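Descriptive analysis of the structure
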Amino acid sequence: MSGRSALESYKQGEGWWQTEISQIKKNEVNIRGYKMEDLIGNISYGQMLYLLLCGDILDENKAKLFESVLVAGADHGPRAPSIAAGRMAATCGISFNSAVATGINLLGDSHGGATEKGMKLLYETWEEAKESGKDLYQVIDSKLDDMLSKKEKLPGIGHQLHDDDPRVHRLYKLAEPMAAENEISGVYLDIAEQYRRLLAEKKNRPITMNIDGVAAAIQCEIGLPAEAAKGIFALSRGMGIAAHAFEEMQTGVLVKGPCPNDEELVKYTGVDNRKLSGGEQVR
């Protein structure tokens, strides 16, 4: 980042906005150098997303694998905060798109950010193994021990509800034949599984990988940047948020809160039975 202001850049002959993504002229729309009319009907949603983000068109098998990740993350019911928020917003008299945006705006580091953290860990692990010349599994073991000593959570591992996440098995089943055929490297799928296996050994109990873990591995396999992961997940979970917000709008229910009007569900923990006396100062 140069630190120059936008106005300084503009005065030096650069565009007010500069982009390598799209070139829009009268009666002409070009994306990464391709004419839009050539893309329409010839590439899939996953290929288009990858083209916009990375500048290349994925082959059909990789695109199908990528789209499988988008499908797998689309919905997890109203127990997910983003879905619940979208549904609550839909009862408050705002527009449909605003209700969808409300749900998407809940996606961040804690809810929706594990894929990005997982991708960074997988990329770092593979780079460290290559640069150091150490055995890959020794690197994984060392990094995991370091995380555990710092009480850091391993991203993409464990789930509040599932102890054997069915989405993970399906995505591995789709990805592993591609690794066997060298369509993808398979190294990131292997690293993710080794982290899960080693953690289960160290904790001496079964541990499941979750959708974020396998999504991280697959997105590394096709070369997506880790920093794009939360945005990609927003596009995936956004489908579910839209569906739930739309469904809730059809019920006609108004102003539905996060829980029923049950005193046991919302506990007051403040001072009780205070009274004003004439001499008290009001701050």
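Above: the structure in question.
These lines cover the structure that appears in this document, whether it is placed above or below. Note that this is a predicted model, so its numbers are computed, not measured.

Okay, the overall build of the chain next. When helices and strands are tallied, the chain shows 12 helices and 3 strands. Taking 283 residues into account, the globule formula puts the C-alpha radius of gyration at 19 Å, and the chain, at 24 Å, lies well above it. For the chain, the residues scored as buried account for 39% of the 283 residues in total. Of all intrachain contacts in the chain linking residues separated by at least 6 positions in sequence, the fraction that spans at least 24 positions is 68%. In the form shown here, the chain has an accessible surface area of approximately 17,800 Å², with 52% of it arising from carbon and sulfur atoms. Side-chain charges of the chain comprise 33 positive and 41 negative groups, with the mean position of each set lying 5 Å from the other.

Spatial ordering of the open sheet is given by S1-S2-S3, a layout of 3 strands whose pairing is antiparallel. Strands with a single pairing partner mark the edges of an open sheet, and in this sheet they are strand S1 (22–25) and strand S3 (34–35). Here strand S2 (residues 28–31) runs beside S3; their pairing, made up of 2 bridges, is antiparallel. Bridging across to S3, Ile 31 finds its partner in Tyr 34.

If you look at the biggest cluster of nonpolar residues, it comprises 51 residues, and the most contacted ones within it are Phe 66, Leu 122, Leu 154, Ile 191, Tyr 195, Val 214 and Ile 218. Elements with a minimum of two residues in this core: helix H3 (45–54), helix H4 (60–72), helix H7 (114–132), helix H8 (136–149), helix H9 (166–180), helix H10 (187–203), helix H11 (211–221) and helix H12 (229–251). Residue contributions to this core peak at 9 residues, all from H10. In this view, Leu 154 contacts Leu 121, Leu 144, Met 147, Tyr 195 and Leu 199; residues no more than four positions away in its chain are not counted. In terms of nonpolar packing, the next biggest core, distinct from the first, is built from 8 residues, Ala 80, Ile 83, Val 100 and Ile 241 among them.

Thresholds, definitions, all that
Residues numbered from 1 in each chain as written. Predicted model: local features only at pLDDT ≥ 70, side-chain atom pairs only at ≥ 80, totals over all residues. Heavy atoms only, no water. Helix = DSSP H or I, 4+ residues; strand = E, 2+ residues; numbered from the N terminus. Rg over C-alpha atoms; globule rule 2.2 N^0.38 Å. Buried < 20%, exposed > 50% of the residue type's maximum accessible area, 1.4 Å probe, protein only. Contact = heavy atoms within 4.5 Å. Areas by Shrake-Rupley, 256 points an atom, 1.4 Å probe, with all protein chains shown as cover. Lys, Arg positive; Asp, Glu negative; His and termini not counted. Charge placed at Lys NZ, Arg CZ, Asp CG, Glu CD. Pairing = 2+ DSSP bridges. Core = buried A, V, L, I, M, F, W, Y, C linked by side-chain atoms within 4.5 Å.

Geometric values such as these leave the question of function open.
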